[in-house]
Amino acid sequence: MQVTTVDFPKNSMKNSQPDYRAFKRYIIVTVIILILSIICFSALQAREEYRLTIHAAELQSRGYARALREHAERAFGEMDGLLLDAIQHIESQGGIDNVNSEYLREFYRRHPRKIPQANAIVLVDRHGTLFAHSLDLPTTTTEVADRDYFVHHRNNPMDDTPFISRPFKSRLHNNWRFTISRPVRSANGTFTGVVAIGFQAEYFMEFYRSLELGKRGRIVMVRNDGALLLTEPAKDTDLKTDFRKSFLFRQQLPRSPRGIFHIKAGQALLEPSARIISYDSLAGYPVIVTANLDTDEVTSTWRQNMYKHVMIATAACGALLFLTLLLLRQIRRIELANRHQAEQQAEIAAAAAAWQTTFDSVADAIWIMDLERRILRCNKATQTIFGKNVEEIVGQLCCSVAHQFTTPLSSCPFQQMLDTEKRASLQLSIEEKWLEVTVDPIIGEDGVITGAVHIVSDITAIKASEERYRLLVENLPVVCWQADEHGTTHFISPVVTAIEGYTPEELYAGGEALWLERVHPDDRQMVFTAFASLMEHGTAYDVQYRIKHKDGHWVWLHDSAYATMLQNGLHIAQGVYSDITARKQAEEERDELEIQLRQAQKMEAIGHLAGGIAHDFNNLLTPIMGYTEMAFATVEAGTPLASRLNGIMAAANKAKDLTQQLLGFGRCQTVTTETIDLNEVITSFNSILRRTIRENITIDLLLDPQGAFIKAERSRIEQIILNLTVNAQDAFENQGRIVIETCKVFMDGEAARLHPGMAPGEYVLLSFRDNGCGMGSDVMNHIFEPFFTTKQVGHGTGLGLATVYGVVKQHGAHISVSSHEGEGTSFRIYFASCAQCQLPVVDMLQEPPCKGTDDMVVLVVEDNEMVRNLVGEMLAEVGYQILSAADPHSALKLVKEGQHIDLLISDVVMPGMSGPELHDKLVTLIPGLRVVYISGYPVNPGLRGETLEDQVNYLQKPFSTEALLERIKQVL
């Protein structure tokens, strides 16, 4: 089976196609010319019709003007002839004075010509009195001297031309008329009167109405002086118009007595619209008649026809454009069809070549096979995979090419494809190669399998990669897992057995329940919410939680994952988790150490504060006790004043004890340590404890039989035991039990880290337990703070446990406490262990010789004025000479000025310079100078940073006169 490809010239189809673009341009130009021709023809036709319409209107207007002139000349000629006959008849009667109304009526009745437009013949004498008429009415004289025709003839008696008056309303009949008149003269030519004939204006109007001038046409009769005689249609207001201002009088009449002209809208006197006007002048009479037509009315028919022609032309152009568009669209379709056909032919040719190229470019061996498993076609990759040429493979059975068998394998994917009519696949190893065979059916249009596509892929590298991945996953110290959106495990690495105790198979079978139900109840909701958010929104999944091991203990896990979607649309989560149980335990220990460190730092700060308060309080107690002692020496015993002084001294001694406790808590006291047996101290002090607490409280001693030797001050250890016992007694409502235990313990690095500052090594543990009410965490955080107490007001100072804490820290020991409400309290104190040894023997101080007091000078240096004055008064009473200085610099100044001193009494801590520093400077000036230090702090060289010669030259505030004198005696 071979494929033959045909190469088409790239431009052959393109060149064989007609030039559609030029053809379309030709059509468009032709249509444009046709449309322009239609428009031009329509415009020319409309223009010609307009010209003919206007010309016809001009001819009509001119004919009407001529007819009006002829009608007016005939009417005026008849009237004027009647006037001339009347004048001749009057002259034949001897003049106007001999004629009356009867005579005129008789004359008018017998006159041969009957003139319908004549209304009546009237006679007016020279004075302007109308005294005769031809009407069949009684004759009454009427004054008409104001009429224009009388005024004209009177002023122009020799003018023989007839005069036409302005229109006026008849005083008898109240209708519009005008007159034509002539003068009457005597034989000698003097003016004797006027004979006039009245014109009925209605006569002319009836004639004018019979003319067809249109609805807006108008006829006008006007005198040559601009006076309007009549107009049709008639308006009384029009008769007041002065036509001398009109275009007719200003432009046309000066040129010609007759003619035709056009006037624009708004220029006519009587009509606002545009007009076509024809005018003509009467021969022998001062009258002009006009016939004018409304231009819009004349051209209305033309406009209607023009609209029809425009619509017809527009429709013709639109139809032409529409047909042109249809033609262009059809041409476009033909062009696209031809182009598409050419492109398809090119694509078919290219596809055939591209298909063959693609077929040969695939790295997998592809075979086209018939139903007898015979290879019809194969690509070039077949030669690469199987090492045979294409010619050797085509026509062969697939089994003979793939695995050199003449019969198919029992698991042959080709047979599976025939059985299922779906894709079938198989992986097999041939000559150290891994091949994956995939067979897809070729189904014809009738739904029957006609052949198959056989694909062979070399998956040797993939198999090697899978093996490396398997080894990597199985040997990683973390668990790799894959689960669906319900939490059902699809894959989990074998490391899970070492962490959780379950095998992967057990987890697969257990499904979601075996995972989520093993999560710690406190963590379950958090884990469920995070996992649901991961699957629904893709939110980061990074959680730490506890899960139950198969043997029942809890394991801390750090779990992180991401969500993805498979090709089948299934959402899955893939992640890793590791065992962080050891890290969590270390974090808990670290947190505990941080809490203890913060507590120790807080207690250290409180200790410094308490020591400072005690120091200042001692400075206050010193003058109180000193002055009280001095006052007591001056009063008799048994007196009320002596009793009051005793009360002051007793209160001061209690305050002194209180400051000693504060100094002990602040570790400001010096501890004189010796090797003691803690068991012996507890045993010997037990009797005192029994007398101190209630009888219903039991004390059990569990002491190390090998002894518990430590370096400590016995009285301080007894104070610890006593304070803890009294504190435990307050925890019992009725009866209770206290257990005191000693033993040796070795604190290694892990255990020592729980106690800040503890070095690994052997320690003696003093354990003190009770079964009282216990304490909550809020109380435990404050139990070692001074003055903190849970007792009622007035029932405790709050210094018991604070003193214990201070004594423990003075001995370099460590203390811890554990307690829960209702379960009692346990104190554990760790002392550094030491071997048993002989106690040293202390020699008594040898008392040096002392000088007499009278000749001794004592320099008192103290920054507290009350203490400085008290010491001076105490020594002055026994005979010492006293010098005082408020600061070390003043003391140095006194000595440098030559003042001799035998003893220096100085405070230890002062501004600018300490007491030992002052003594060192004075010794250079006075060699052998003795000194007594006084301070509110107990002797503590480490606190000052100095070294004292011996504890004998130190006196702690407050002190009595006797103690001060005794210490001076010892120093001297």
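Only a predicted model underlies this, so the values are computations on that prediction, with no experimental measurement involved.

## Quick notes on the UniProt feature "transmembrane region" (unreviewed entry) in the chain
With numbering matched to this structure, UniProt assigns "transmembrane region" (unreviewed entry) to residues 26–44 and 310–328. Between the first and last C-alpha atoms of residues 26–44 the distance is 27 Å; the span itself is 100% helix and 0% strand. Split by type, residues 310–328 is 100% helix and 0% strand. Its first and last C-alpha atoms lie 26 Å apart.

## Structural notes on the sheet that holds strand S14 (residues 375–378)
Spatially, S14-S13-S17-S16-S15 is the arrangement adopted by the five strands of the open sheet, whose pairing is antiparallel. The open sheet is flanked by S14 and strand S15 (424–430), the only strands paired with a single partner. Strand after strand, the sheet turns through a mean of 25 degrees between neighbouring axes, direction not considered.

## Some words on the environment of Pro286
As for its position among the elements, Pro286 is in the loop between strand S11 (275–281) and strand S12 (287–294). Pro286 sits 61 residues away from Asp225 along the chain, and the two C-alpha atoms are 8.1 Å apart.

## Regarding the nonpolar core
Phe76, Ile180, Phe204 and Met221 are the most contacted members of the largest nonpolar core, which totals 49 residues. Looking at this core, the element that brings in the most residues is helix H2 (residues 20–92), giving 13 residues. Residues within four places of Phe204 in sequence aside, it is in contact with His71, Ala72, Ala75, Phe76, Phe178, Phe199, Met221 and Leu230. Membership of the second largest hydrophobic core comes to 38 residues, among which are Phe685, Ala712, Leu724 and Ile740.

## Observations concerning the pattern of salt bridges
Enumeration over the complete set of coordinates arrives at 27 salt bridges. A salt bridge links Asp80 to Arg182; the nearest nitrogen and oxygen atoms lie 2.6 Å apart. Taken as a pair, Asp80 in helix H2 and Arg182 in strand S6 (residues 176–185) lie far apart in primary sequence, 102 residues in all. Between Arg769 and Glu741 there is a salt bridge whose closest N-O contact spans 2.9 Å. Of this pair, Arg769 sits in strand S27 (residues 761–770) while Glu741 is found in strand S26 (residues 736–747), placing the two residues 28 residues apart along the sequence. It is possible to trace a salt-bridge network through shared partners that takes in Lys24, Arg332, Glu335 and Arg339.

Procedures and definitions
In this convention, every chain numbers its residues from 1, walking through the sequence in written order. It should be noted that, the model being predicted, local features are given only for residues of pLDDT at least 70 and side-chain atom pairs only at 80 or more, the latter also being counted only at that level, while totals for whole chains, interfaces and linings use all residues. The side-chain quantities take in all heavy atoms of the structure and omit both hydrogens and water. UniProt positions are given in the numbering used here, feature names are shortened, and annotations may be inferred rather than shown by experiment. The way it works is that DSSP assigns letters per residue, a run of H or I at least four long becomes a helix, a run of E at least two long becomes a strand, and they are numbered from the N terminus. Paired strands are those between which DSSP finds at least two bridges. Axis lines are fitted to C-alpha atoms, over the contacting stretch for helices. Their N-to-C directions set the angle, which ranges from 0 to 180 degrees. The term nonpolar core refers to a set of buried residues drawn from Ala, Val, Leu, Ile, Met, Phe, Trp, Tyr and Cys, joined through side-chain atoms within 4.5 Å. Any residue under 20% of the maximum accessible area for its type is buried, any over 50% is exposed, and the rest in between are partly exposed; the area is computed with a 1.4 Å probe on protein chains only. Contacts are assigned to residue pairs that have any heavy atoms within 4.5 Å of one another. We define a salt bridge as a contact between a side-chain nitrogen of Lys or Arg and a carboxyl oxygen of Asp or Glu at a distance within 4 Å.

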